[in-house]
Amino acid sequence: MRLAEFILINMEQILQGWEDFARNIQPSNRSMDVLELRDHAREILEEIASELATPDGERKLDPQGNTPAEIHADTRALSGFTVDQLLSEFRALRASVLNLWSRREKTATWFEVEDMSRFNAVLDRALAESVARYTEAQRQSQDIFLGVIGHDLRTPLSAINIGATYLMRSEEADAKLIQLGSRMFNSAVRMQEIIDNLLDFVRSRSGAGIPLHRGDVDLGVISDQIVEEFRASNPGAVIRAQVGGDVRGHWDGARIGQVYQNLIGNAIQYGSHTPVSVLTRATDGEVVLSVHNEGTPIPPAMLKNMFDPMRRGMSVSAPLSNRKNLGLGLYIVREIVTAHNGSIEVSSTEVTGTMFTVRLPKRAA
Ligand SMILES: Nc1ncnc2c1ncn2[C@@H]1O[C@H](COP(=O)(O)OP(=O)(O)O)[C@@H](O)[C@H]1O
Ligand SMILES: [Mg+2]
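Residues numbered from 1 in each chain as written. Chains lettered and ligands numbered in written order. Predicted model: local features only at pLDDT ≥ 70, side-chain atom pairs only at ≥ 80, totals over all residues. Heavy atoms only, no water.

Enquirer: Would you mind going over the pairing of strand β6 (residues 343-349) in detail, with residue names and values included?
Expert: Of the two faces of β6, only the one carrying Ile344, Val346 and Ser348 is buried; Ser343, Glu345, Ser347 and Thr349 on the other face are not. Hairpin connection, β6 to strand β7 (residues 353-361): the antiparallel pair is bridged by 3 residues. (Buried < 20%, exposed > 50% of the residue type's maximum accessible area, 1.4 Å probe, protein only. Helix = DSSP H or I, 4+ residues; strand = E, 2+ residues; numbered from the N terminus. Pairing = 2+ DSSP bridges.)

Set out below in structure tokens:
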């Protein structure tokens, strides 16, 4: 008998063996009923059997285009399974089929090995589908969680902001209170930035991308304004800004402002007090913005995935508690730049220093 037929004929026994095995590997704090344990195992097995019988046949998908292994993963993610538990279930399914198959009356034939290895291959594919789906579901619920937190923090934060502003500008308050108010205000602004970054991150990861509101923008104006702000809040920093040519274009001004903000902020923060140069110049149909600093170069291994989320430099000199940021800045910068059909690159060496270069087409394609 071929394995496909064997699976279908012995379905009940296989499912029973699987269930016993699965019960044993479940952590003791979770007791599940039989139906929950078996829920999609039968469908996964049926699909495997049909694939073994007709390897080139069409896959059976539900109306939304999901495979049984994906549906199984969705259910497991919802009922709070860990990925280890999901993996164990597949291990159990494999063991259950192969145990029974090896105990059957033997008529050792040429197809035995072939059937077994194909069974393993098809089961592994189901496993991979399940894990991919599970991870995706997990990620989505994390994003929803982050989105809700970020959103809900805005209201209490704006109350803190108003209070701090009041204190800072108060005419009755003495110098100490005014200083306290201004420190609170700066912290609230930082918190606001972190929350905004978090919300942008969640939005861009959900596939929605960064929404753009394009208008006529002069990068010279934006560059001046942001550089002035940085000079005011970092009196020790040397920031050289230069604008060349006609740097007007059709962009989302607030978003491009965020690009300047992040790149200059990083250069000040990580450039170990070396001068920072901000260059904005027009070339054919595009504007090139570069931000340069000296100081310790970024290690080559880190340069490769500089723009991935939550890659912060593991600088030994900065203890965890001193790190104010989430490591989302460059990720969001790249999202904004690509939303504008632009590009960003970085180079960093001991001799030339660290330079981020952004290219922005003046108009939308
Ligand atoms: N101009 C720079 N010079 C040196 N290192 C930098 C520079 N810009 C960014 N980095 C490194 O890249 C990491 C990620 O930057 P970013 O995405 O802005 O996140 P964050 O600033 O929140 O850590 C930083 O933690 C830092 O280690
Ligand atoms: Mg940063």
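Enquirer: Give me the lowdown on the pattern of salt bridges, citing residues and values where you can.
Expert: When the charged atoms of two side chains with opposite charge come close together, those side chains can pair. Taken as a whole, this structure holds 21 salt bridges when the rule is applied. Glutamate 136 serves as the salt-bridge partner of arginine 139, at 3.1 Å between the closest nitrogen and oxygen. Of the two residues, arginine 139 and glutamate 136 are both situated in helix α7 (residues 111-169); the distance of 3 residues between them amounts to about one turn of the helix. A relative accessible area of 21% means that arginine 139 is categorised as partly exposed. With a relative accessible area of 31%, glutamate 136 lands in the partly exposed category. Of the charged contacts, one joins arginine 190 and glutamate 193 as a salt bridge, the two residues approaching to 2.6 Å between their closest N and O atoms. Residue arginine 190 and its partner glutamate 193 are located together in helix α8 (residues 175-205), separated by 3 residues, close to a single helical turn. Residue arginine 190 is classed as partly exposed on the basis of its relative accessible area, which comes to 28%. Residue class for glutamate 193 comes out partly exposed when judged on its relative accessible area of 32%. (Salt bridge = Lys/Arg side-chain N within 4 Å of Asp/Glu carboxyl O.)

Enquirer: I'd like to hear about the packing of helix α4 (residues 41-53) against helix α5 (residues 68-78), residue by residue, with values.
Expert: Running from amino to carboxyl end, α4 crosses α5 at an angle of 165 degrees, the nearest separation of the two axes being 9 Å. As summarised for this structure, α4 and α5 are arranged roughly antiparallel, according to the angle between their axes. Viewed along their axes, α4 and α5 form a crossing whose handedness is left-handed. In this structure, α4 uses Glu43, Ile44 and Glu47 to contact α5, whose residues at the interface are Pro68, Ala69 and His72. A per-class count over the contact of α4 with α5 returns 3 nonpolar, 1 polar and 2 charged. (Axes fitted to C-alpha atoms, helices over the stretch in contact; angles between N-to-C directions. Parallel < 35°, antiparallel > 145°, perpendicular 65-115°, else oblique. Left-handed = near helix turned anticlockwise from the far one by under 90°. Contact = heavy atoms within 4.5 Å. Nonpolar A, V, L, I, M, F, W, Y, C, P; charged D, E, K, R; others polar.)

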